[in-house]
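Each chain, letter by letter, is given below.
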Amino acid sequence: MSLAVTIADDSLLSRKNVRKAVPTDLVADITEACNGVEALAAVNAGKAELLFLDLQMPVLDGFGVLEALQKQNANTIVIVISADIQPLAVERVYKLGAFKFLQKPLDPSQLRAALAEVGLL
Amino acid sequence: MNNHLLINELQRDALQEIMNISMGQAANALAQLINIRVILSIPKISMTTPDGLQSFYHAASPHHFARQSFLGDMHGEVISVISDEGCKELGEAMSYDQPMDANSVNELVLELTNILAGACLKGMVDQLGSRLHLAAPSLFEPEQQLHSSYNWHHALLLEILFALEHISFSSRVVICLDEASIAVLAGKLNEMLD
Amino acid sequence: MDRQQLFEDVVSQLAIGVCIVDSGYNLVYWNNFFADRLQMPMADVEGKSLLELFPDQATFLKRKLQSVFVLKNASFSYWEQRPVVFQFKSSRPITGEECQMYQNVEIYPIFNTDNAVDRVCITVYDMTVTASYHQQLTRLTQQLEAEKQQQQVLINKLEEAHNQLLQSEKMAAIGQLAAGVAHEINNPVGFIFSNLQSLQDYLSRMLKYVDLLSKIVDKVPQPTLHQLKADYVQRNQLAMVLADCPDLLNESLDGAERVMAIVKSLKEFSHVDSKEWSAADITSGIESTLRVINNELKYKAEVVRHYAADLPALYCQPMQLNQVFMNLLVNAAQAMDSFGRIEIDVAFDEQKMVVKIRDSGKGIAPEHMKRIFEPFFTTKPVGQGTGLGLSLSYTIIRRHKGSINVESTPGVGTCFIIELPRRSELEVQQDEASLAAASQHGVL
Ligand SMILES: Nc1ncnc2c1ncn2[C@@H]1O[C@H](COP(=O)(O)OP(=O)(O)OP(=O)(O)O)[C@@H](O)[C@H]1O
Ligand SMILES: [Mg+2]
């Protein structure tokens, strides 16, 4: 059975990079979202058992998405992939229940390690 | 202004993302060097003409100007505009000898320019997989610039605003690429987008 | 020689300083440039902390090195902002005025195979020659700037002098006009005056005759005649007419006399810039000057004259001397804070004539005493004084081989003393001739 994965990032380049980095041995059904609202919609439509989440996004940013997910007690696994790597941001992301923080530009081996850690590989 | 003149929408999006990432790295590095939290704006990408660049120099309060050229498979200049306000506090935070005279303010401006330009460009070229060399920065007076003598028509501007937590200070850094380098950049962006 | 050895050799001899430190800021290498100038061979310093070797610049070096390690970008320092980073001896120990080497420093990262930076290279460029040249240039520029400003001041003064000249030309033109008018008025006023004098004579005779007739009429015993006379006198207010007549005429004569005096002064003064030499009476020159500036003096001061009796004539340029008197008298009047007193002494002995003009004005500040004869020296507000009065006067008096001196007590008054040698016409001509010859030979 394939895993429902959503990549939420306003940048096409970054979405592509994530797509490229997802290991081929993970059978995934990938949906893309361009902002936080689209990301939440994907979660609610059951398309996001795993969510790759960017922080800087228009309409609703990554922090907003994390807060909403925390409120609705969603059991989505969130891996944040962000350009903002200052310690304050990292700390806040974990507090909001993200599973993992990865920095941009995304390193495929780090992604692989993270997925292994969740037990998806 | 015609922002779509030399790079297309996709390339622009990619460049924006690359710049966002470099800024994230830059802010992190700067925080280590300056001991103050740095607030970086999302880089603004635009096309400019010599007149447009000239209007960039207009500032109401006293400012310092410095520039720094870079060479490599892309070349251009980094121009920084740094407010006089806040320089002294920043100098203190960066452990400059106190009190600071005009000379040490100049030194600070040059150092800041070098740090900001280096931090912004470094992340960008690393992601693009290119190399470049930054020449030494120098101070300049924009009034003494004859922009009518510029021999270019369009340049790509990447503008970044820096601010500091708790200190009233502002600076703008623009990375200017000439037409030939924009073509190189566009090529690199295409490679990444494939 | 292998490549490694070759490069090491070249680097050690480079004319720029090369120094490599690791991420703990400990010295890995420096070339002869460092070793020779600091008298510290490589072997002695290897592994030592750069910050401890250069404690004065430790903060600076640490900041710079840190930024290179963190940002992985080069960092720079310039002699303009930081002349000396490393305490090197001047590159011109014998001929230079600089005792330390001016330096540009560049610090850049050295990437290892993992693309990480665990060492940086510090290069030092000797900028002493450029710096001293640059500083010389700066000094020169400052000097030029100062000179330019001085010239500007001079230009302003010249402009003022030019305006003053224009003004005096205008005055001269007005003088000419006045002289013409004066000449025209002179004749009619002359005959008006003499006619009035005749008229005065005739009138007094006629009044006597009227008086006589009136008395005769009174003696005739005819009441109607008396009545007639009384009526006539009454109707024509003859008593008043007869009484008024002499007064009217006196007043007219007085007026005409004054007109004649003014015309005379005007005529004299229309020749102010005449440089003609002639034997002249100094006091009449002073008097005619006083008449011309009467308006400027009368509300400022009372004028008291002490003229010696039997003053001889002086062979001089009378109009030029009048100019001097005018300058001194106007200055005296302008020095008055309230209504004061101006005393004019004229005295003489065998050799010279002495004119003193003393005022009860505010006096001259001691620090100004030396300067008042300088052209353009003035303490008066812009537009009021050009500061040329005394310098012109000085020139004129020198031309007469005389001297002009000043004594002044602030708050009490000032006295200008002019001494003029009594030269014969012949002496003056000789002096003037040698003056002309000198100026032709470019001595003056
Ligand atoms: N009688 C005086 N009492 C006080 N100060 C005097 C007197 N005469 C000259 N001075 C001082 O000397 C200065 C120079 O005098 P000078 O006549 O050369 O120039 P001026 O009166 O200022 O201007 P100008 O005569 O050209 O209108 C005066 O400004 C004044 O300060
Ligand atoms: Mg005067």
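Below is a summary of the structure that appears in this document.

So, about the overall build of chain C. In terms of regular secondary structure, chain C is built from 14 helices and 12 strands. Within chain C, buried positions represent 35% of all 444 residues. Looking at chain C alone, contacts between residues at least 24 apart form 62% of all its contacts between residues at least 6 apart.

Evaluated as defined, the whole model comprises 13 aromatic pairs over all chains. Taking 6.1 Å as the distance between ring centres and 65° as the angle between the ring planes, the aromatic pair formed by B:Phe65 and B:Phe140 counts as edge-to-face. Taken together, the positions of B:Phe65 in strand E3 (residues 63-72) and B:Phe140 in the loop between strand E6 (138-139) and strand E7 (155-164) put the pair 75 residues apart, joining distant regions of the chain. B:Phe140 shares its class with B:Phe65; the two are buried. With 6.4 Å between their ring centres and 85° between their planes, C:Phe373 and C:Phe416 make a pair best called edge-to-face. With C:Phe373 in the loop between helix H12 (366-369) and helix H13 (389-399) and C:Phe416 in strand E12 (residues 413-421), the pair connects residues that are 43 residues apart, well separated along the chain. Aromatic rings pair up to connect C:Trp30, C:Phe33, C:Phe34, C:Phe54, C:Phe86 and C:Phe88 into one cluster. Looking at A:Arg92, its charged tip hangs above the ring of A:Phe63, at a distance of 4.0 Å from the centre. Lying across the ring of B:Tyr96, C:Arg63 places its NZ or CZ 3.6 Å from the centre.

Another point: the interface of chain C and chain B. Each side of the interface is counted separately: chain C has 20 residues, and chain B has 25 residues. Roughly 1,800 Å² is buried in total at the junction of chain C and chain B, and carbon and sulfur atoms are behind 52% of that figure. Among the residues of chain C in contact with chain B, C:Arg63, C:Leu71 and C:Gln81 are the three that bury the most area, contributing 35% of the side total. Inspection of the region where chain C meets chain B yields three salt bridges.

To continue, consider the site of ligand 1. Residues and elements named next belong to chain C. The local shell around ligand 1 holds 20 residues, among which Asn331, Thr378, Thr379, Lys380 and Thr386 are the closest. Within the side chain of threonine 378, one N or O atom sits 2.6 Å away from an oxygen atom of ligand 1. Contact distances for ligand 1 include 2.8 Å between an oxygen atom and a backbone N or O atom of leucine 390.

Criteria and cut-off values
- Residues numbered from 1 in each chain as written.
- Chains lettered and ligands numbered in written order.
- Predicted model: local features only at pLDDT ≥ 70, side-chain atom pairs only at ≥ 80, totals over all residues.
- Heavy atoms only, no water.
- Helix = DSSP H or I, 4+ residues; strand = E, 2+ residues; numbered from the N terminus.
- Buried < 20%, exposed > 50% of the residue type's maximum accessible area, 1.4 Å probe, protein only.
- Contact = heavy atoms within 4.5 Å.
- Phe/Tyr/Trp six-rings, centres within 6.5 Å; stacked < 30°, edge-to-face > 60°.
- Lys NZ or Arg CZ within 6 Å of the ring centre and 35° of its normal.
- Buried area = accessible area lost by both parts, 1.4 Å probe.
- Salt bridge = Lys/Arg side-chain N within 4 Å of Asp/Glu carboxyl O.
- Near = heavy atom within 4 Å.
- Polar contact = N/O pair within 3.5 Å; in protein donor to acceptor, adjacent residues only side chain to side chain.

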